[in-house]
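Examination of the molecular architecture
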Amino acid sequence: MKILLVEDEPNVASFIKQGLEENDYSVDNAYDGKMGLGFFSKNQYDLVLLDIMLPKINGIEVCKEIRTTDNSTPILMLTALSSSEDIVAGLDAGADDYLVKPFKFQELLARVRALGRRKHLGVGRSYKIADLELDINSKSVKRNNVVIKLTPKEYYLLNYLFRNKGILVSRSDIAANIWEESFEKGSNIIDVYINYLRNKIDKGFDKKLIHTVMGMGYILKED
Ligand code: CA
């Protein structure tokens with residue numbers, strides 16, 4: 001599997017490159033956005049790891065540019081900006097997933113594996129669990145083939161649950177990853193949105209997909 005790493009900080013870049021190579025991935029490292037696009041146009045990659053703050057052309061613009069010609073290569077954003085505005089901008093630009101720096105290498109590896117598998121299976125840019133589908137390109141959600149209308153916030157919340165399918169996410173994970181406005185501790189806004197989402201995607205279906213783990217958080221899974 002061949003990976004394009006677009007990262008300008010030499011220490012971070014060599015840490016990632018070395019780690020991936022030890023796991024049998026082949027890695028090309030571009031040090032700015034322009035060089036990244038140049039590499040991308042000349043070679044075939046299975047995955048792009050893209051920093052946001054880059055010299056010459058920033059990661060959001062690089063992502064948009066890639067998506068004008070290529071809709072299937074997974075893009076994983078790496079960002080030091082934990083501000084969710086940047087994360088939402090990245091997802092809107094066509095990224096599939098993101099990791100907030102600093103991250104553990106094992107976490108990066110898990111994401112790389114998951115995205116690589118998806119590309120390999122030709123699954124395309126959509127998520128599915130039971131009869132619930134989320135299409136990243138059209139931002140549409142269907143259950144049992146019926147379109148479900150979601151607000152942007154509900155959509156990003158579901159998108160986040162999908163990216164962590166089968167993994168317990170805490171309220172603070174959700175807050176850190178998708179809440180734009182400052183999140184007040186003790187606020188029940190996430191529970192409120194989870195309930196909105198449940199009413200739209202689980203209500204009336206025998207099989208519930210959003211599960212509450214008491215005192216811990218939420219998990220999207222089949223049973
Ligand atoms: Ca950077």
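Residues numbered from 1 in each chain as written. Predicted model: local features only at pLDDT ≥ 70, side-chain atom pairs only at ≥ 80, totals over all residues. Heavy atoms only, no water.

This paragraph deals with the pattern of salt bridges. Proximity of charged atoms lets side chains of opposite charge pair with each other. One pass over the structure, following the stated rule, counts 18 salt bridges. We note a salt bridge from Glu21 to Lys17, for which the minimum N-O separation is 2.8 Å. Here the residue Glu21 and the residue Lys17 both occupy positions in helix 1 (residues 10-22), the gap between them amounting to 4 residues, near one helical turn. Look at Glu21 and you get partly exposed, because its relative accessible area is 36%. In this structure, Asp202 engages Arg143 in a salt bridge whose closest nitrogen and oxygen atoms are separated by 2.9 Å. Highlighted residues: Asp202 in the loop between helix 8 (189-201) and strand 10 (210-213) and Arg143 in strand 8 (residues 140-143), separated in sequence by 59 residues. Each member of the pair Asp202 and Arg143 is classed as buried. Taken together, the shared-partner salt bridges in this structure form one network comprising Glu7, Glu9, Asp51 and Lys101. (Salt bridge = Lys/Arg side-chain N within 4 Å of Asp/Glu carboxyl O. Helix = DSSP H or I, 4+ residues; strand = E, 2+ residues; numbered from the N terminus. Buried < 20%, exposed > 50% of the residue type's maximum accessible area, 1.4 Å probe, protein only.)

Below, the discussion takes up the nonpolar core. Membership of the largest hydrophobic core comes to 50 residues, with the highest contact counts inside it found for Leu50 and Leu158. Ranked by the residues each element gives to this core, the list is headed by helix 6 (residues 152-163), at 7 residues. Looking at which domains feed residues into this core, each of domain 1 (2-121) and domain 2 (126-220) supplies at least three. If we skip the residues at most four places from it in the chain, Leu50 touches Val6, Gly59, Val62, Cys63, Ile75, Leu76, Met77 and Leu78. Membership of the second largest hydrophobic core comes to 18 residues, among which are Tyr25, Leu47, Phe105 and Val112. (Core = buried A, V, L, I, M, F, W, Y, C linked by side-chain atoms within 4.5 Å. Domains from an automatic or database assignment. Contact = heavy atoms within 4.5 Å.)

Right, let's talk about the coordination of the calcium ion for a bit. Coordination sphere of the calcium ion, protein contribution only: Asp8 (OD), Asp51 (OD) and Met53 (O), at 2.1 to 2.3 Å. If you list the donors of the calcium ion from N- to C-terminus, the spacing comes out as D-x42-D-x1-M. Residue Asp8 is located in the loop between strand 1 (2-6) and helix 1, and its partner Asp51 is located in strand 3 (residues 47-51); the two are separated by 43 residues in the primary sequence. Asp51 sits in the buried class, given a relative accessible area of 2%. (Donors = N, O, S within 2.8 Å, 3.2 Å for Na, K, Ca; no water.)

Take the sheet that holds strand 6 (residues 126-129) next. Pairing within the open sheet is antiparallel, and its 4 strands lie in the order 6-7-8-9. Every interior strand has two partners, whereas the edge strands, strand 6 and strand 9 (146-148), have only one. On average, adjacent strands in this sheet sit at an angle of 25 degrees to one another, irrespective of strand direction. Note that strand 8 and strand 9 share 3 bridges and pair antiparallel. (Pairing = 2+ DSSP bridges. Axes fitted to C-alpha atoms, helices over the stretch in contact; angles between N-to-C directions.)

The next point concerns the side chain of Glu154. When you line up the elements, Glu154 lands in helix 6. A distance of 2.7 Å separates the side chain of Glu154 from the side chain of Lys200, its partner in a polar contact. With near-sequence residues (within four places) excluded, Glu154 lies in contact with Lys149, Tyr193, Tyr196, Leu197 and Lys200. (Polar contact = N/O pair within 3.5 Å; in protein donor to acceptor, adjacent residues only side chain to side chain.)

Moving on to the domain arrangement of the protein. Interfaces are often sized by the accessible area lost when the parts come together. Taken as a whole, the protein is organised into domain 1 (2-121) and domain 2 (126-220). Summarising the inter-unit geometry, the C-alpha centres of domain 1 and domain 2 are found 25 Å apart. If you look at the interface, domain 1 gives 13 residues, while domain 2 gives 15 residues. With both sides pooled, the region where domain 1 packs onto domain 2 buries about 1100 Å², and carbon together with sulfur makes up 42% of that total. At the junction of domain 1 with domain 2, the criterion picks out 2 salt bridges. Two residues, Asp92 and Lys139, come together in a salt bridge whose shortest N-O distance is 3.1 Å. For the pair domain 1 and domain 2, the interface holds 4 residue pairs in polar contact (both at pLDDT 80 or more). No other element matches helix 4 (residues 84-92), which puts 6 residues into the side of domain 1 that touches domain 2. Partitioning the side of domain 1 that touches domain 2 into residue classes produces 4 nonpolar, 3 polar and 6 charged. (Buried area = accessible area lost by both parts, 1.4 Å probe. Nonpolar A, V, L, I, M, F, W, Y, C, P; charged D, E, K, R; others polar.)

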